[in-house]
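Fold and contact review
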Amino acid sequence: MKKLYLLLLTLIGSGILLCLFFFIATPKSDAIEEALTPKQIWDAQYKYKHDKRERGEVGNKTDKPNEFTKYFRAITTKFNETDNSYPINYRVKEYLSAKSKRKGLKLGLNNI
């Protein structure tokens, strides 16, 4: 009996989904007539960008080269400090120290 209810529920659910798909998802004839051609879309975008440049608005990501520097400084400094506290060549020093500790672990020397 449970299988019959499950089958009936599945059929009703799929029927509702099919109705929604065909009646709601299909475009109406007005929408097809209002669709733009690729050339019209390109012309509209070109006009928008041209007008934006004439007004002097900057919309290109490459027009802000300082943003990466600001971001990098922000992630390397602590709160309420003006400069980062990492010493020069700290990456190389840490790499060499980790490499020497690794060699010590391979040899069985734990206190290096």
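Above this text you will find the structure in question.
Residues numbered from 1 in each chain as written. Predicted model: local features only at pLDDT ≥ 70, side-chain atom pairs only at ≥ 80, totals over all residues. Heavy atoms only, no water.

Quick notes on the overall build of the protein chain
Our working definition: Helix numbers and strand numbers start at the N terminus; a helix is a DSSP run of H or I with at least 4 residues, a strand a run of E with at least 2. The rule is simple: take the accessible area with a 1.4 Å probe, protein chains only, and divide by the maximum for that residue type; under 20% is buried, over 50% is exposed, in between is partly exposed.
The helix and strand tally for the protein chain stands at 5 helices and 0 strands. For the protein chain, the N- to C-terminal ordering of α and β elements is α-α-α-α-α. Considering the protein chain as a whole, with its 112 residues, one finds that 3% of them fall into the buried category.

Some words on the side chain of T76
Defined as follows: What qualifies as a polar contact is a pair of N or O atoms within 3.5 Å, subject to a donor-acceptor requirement within protein and to the restriction that residues adjacent in sequence count only when both atoms come from side chains. Note on contacts: a residue pair qualifies if any of its non-hydrogen atoms lie within 4.5 Å across the two residues.
Looking at the element boundaries, T76 is found in helix α4 (residues 66-76). Judged by its relative accessible area of 14%, T76 falls in the buried class. Within polar-contact distance, the side chain of T76 engages the backbone oxygen of F72 at 2.9 Å. Apart from the residues within four sequence positions on either side, T76 is in contact with N84, S85 and Y86.

Considering the pattern of salt bridges
Opposite charge on two side chains permits them to pair, given that their charged atoms come into close proximity. Applied cut-off: For salt bridges, the criterion is a side-chain nitrogen of Lys or Arg within 4 Å of an Asp or Glu carboxyl oxygen.
By the definition in use, this model includes 3 salt bridges. K70 serves as the salt-bridge partner of E67, at 3.8 Å between the closest nitrogen and oxygen. Taken together, the residues E67 and K70, both in helix α4 and 3 residues apart, mark about one turn of the helix. According to the relative accessible area criterion, K70 is exposed, its value standing at 53%.

Structural notes on the packing of aromatic side chains
In plain terms, the rule: Working definition: rings of Phe, Tyr and Trp (its six-membered ring) pair if their centres are within 6.5 Å, and the pair is stacked with planes under 30 degrees apart, edge-to-face with planes over 60 apart, and tilted otherwise.
This model, assessed by the stated rule, comprises 2 aromatic pairs. Geometrically, the ring pair formed by W42 and Y46 is stacked, given 5.4 Å between the ring centres and 10° between the ring planes. Of this pair, W42 and Y46 both sit in helix α3 (residues 38-55), 4 residues apart, which is roughly one turn of that helix. Classification of Y46 by relative accessible area gives partly exposed; the value is 48%.

A closer look at helix α1 (residues 2-24)
Turn by turn, an α-helix covers 3.6 residues, leaving residues three or four places apart pointing in a common direction. Test applied: What a helix is expected to span follows from its residue count: subtract one and scale by 1.5 Å.
Taking 1.5 Å of rise per residue, the 23 residues of α1 would be expected to cover 33 Å, and the 32 Å separating its terminal C-alpha atoms lies within 8% of that figure. Counting buried positions along α1 yields 0 of 23 residues, so the element is predominantly exposed.

As far as function goes, none of this settles anything; it's purely spatial.
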